[in-house]
Amino acid sequence: QVQLVESGGGLVQPGGSLRLSCAASGFAFSFYGMSWYRQAPGKERELVASITPGKRTNYADSVKGRFTISRDNVKNTVWLQMNSLKPEDTAVYYCNARNVPQDYWGQGTQVTVSS
């Protein structure tokens, strides 16, 4: 059974930091591209950051220099370190695993940036 379990979301003040985790099971993690997406109320889901099996990374322009994606192919976990958070980062953050045609999603974790 495929599972992607996100954790680490919460309420943080502007300028603060959070670290999201996504624990994967039920598939060959090391062969999958892993990504974090987010969806704010009334907006479409957008790609935040991605990392290939070989650990090449890609970021949305809006988070470059503030967010860092990483993975451990032994622990089957991917992380998103989020620094210098802004109110516009408020969203539900989703973990995604993709190795076409397989495409798996987690349930999401809420991140709220507010004073």
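It should be noted that the structure appears before, not after, this text.
The text that follows walks through the structure, step by step, so that each part is easy to find. (Residues numbered from 1 in each chain as written. Predicted model: local features only at pLDDT ≥ 70, side-chain atom pairs only at ≥ 80, totals over all residues. Heavy atoms only, no water.)

**Digging into the overall build of the chain**
Scanning the chain from terminus to terminus reveals zero helices and 11 strands. The order of α-helices and β-strands along the chain, N terminus first, is β-β-β-β-β-β-β-β-β-β-β. For the chain, the C-alpha radius of gyration of 13 Å lies close to 13 Å, the compact-globule estimate for 115 residues. Looking at the chain alone, contacts between residues at least 24 apart form 52% of all its contacts between residues at least 6 apart. Carbon and sulfur atoms make up 47% of the accessible area of the chain, which totals about 6200 Å². Once the 12 positive and 8 negative side-chain charges of the chain are each reduced to a mean point, those two points are 6 Å apart. (Helix = DSSP H or I, 4+ residues; strand = E, 2+ residues; numbered from the N terminus. Rg over C-alpha atoms; globule rule 2.2 N^0.38 Å. Contact = heavy atoms within 4.5 Å. Areas by Shrake-Rupley, 256 points an atom, 1.4 Å probe, with all protein chains shown as cover. Lys, Arg positive; Asp, Glu negative; His and termini not counted. Charge placed at Lys NZ, Arg CZ, Asp CG, Glu CD.)

**Description of the nonpolar core**
The biggest cluster of nonpolar side chains holds 29 residues, and the ones touching the most others in it are Met34, Trp36, Leu80, Met82 and Tyr93. Of all elements in the fold, only strand 3 (18-25), strand 4 (33-39), strand 5 (46-51), strand 7 (67-72), strand 8 (77-82), strand 9 (91-99) and strand 11 (109-113) reach the threshold of two or more residues within this core. When residues no more than four places from it in sequence are discounted, the contact partners of Tyr93 are Glu6, Leu20, Trp36, Tyr37, Arg38, Val48, Phe67, Leu80, Met82, Gly108, Thr109 and Val111. (Core = buried A, V, L, I, M, F, W, Y, C linked by side-chain atoms within 4.5 Å. Buried < 20%, exposed > 50% of the residue type's maximum accessible area, 1.4 Å probe, protein only.)

**Structural notes on the packing of aromatic side chains**
Working definition: an aromatic ring pair is given by the centre-to-centre distance plus the angle between the planes. As enumerated under the stated definition, the model contains five aromatic pairs in all. Geometrically, the ring pair formed by Phe27 and Phe29 is tilted, given 6.4 Å between the ring centres and 45° between the ring planes. Each member of the pair, Phe27 together with Phe29, is buried. An aromatic cluster of at least three residues, connected via ring pairs, comprises Phe27, Phe29, Tyr32 and Tyr104. Between Arg45 and the ring centre of Tyr94, over which it is positioned, the NZ or CZ distance is 3.8 Å. It is Arg45 that lies over the ring of Trp105; its NZ or CZ is 4.7 Å from the centre. (Phe/Tyr/Trp six-rings, centres within 6.5 Å; stacked < 30°, edge-to-face > 60°. Lys NZ or Arg CZ within 6 Å of the ring centre and 35° of its normal.)

**Things to note about the pattern of salt bridges**
Note on pairing: side chains with opposite charge can pair once their charged atoms come close. Taken as a whole and judged by the stated rule, the model has five salt bridges. When the shortest N-O distance is used, the salt bridge between Asp89 and Arg66 registers 2.8 Å. Taken together, the residues span a long stretch of sequence, with Asp89 in the loop between strand 8 and strand 9 and Arg66 in the loop between strand 6 (57-59) and strand 7 at a distance of 23 residues. Judged by its relative accessible area of 1%, Asp89 is buried. Judged by relative accessible area, which is 10%, Arg66 ranks as buried. Taken together, the shared-partner salt bridges in this structure form one network comprising Arg38, Glu46, Arg66 and Asp89. (Salt bridge = Lys/Arg side-chain N within 4 Å of Asp/Glu carboxyl O.)

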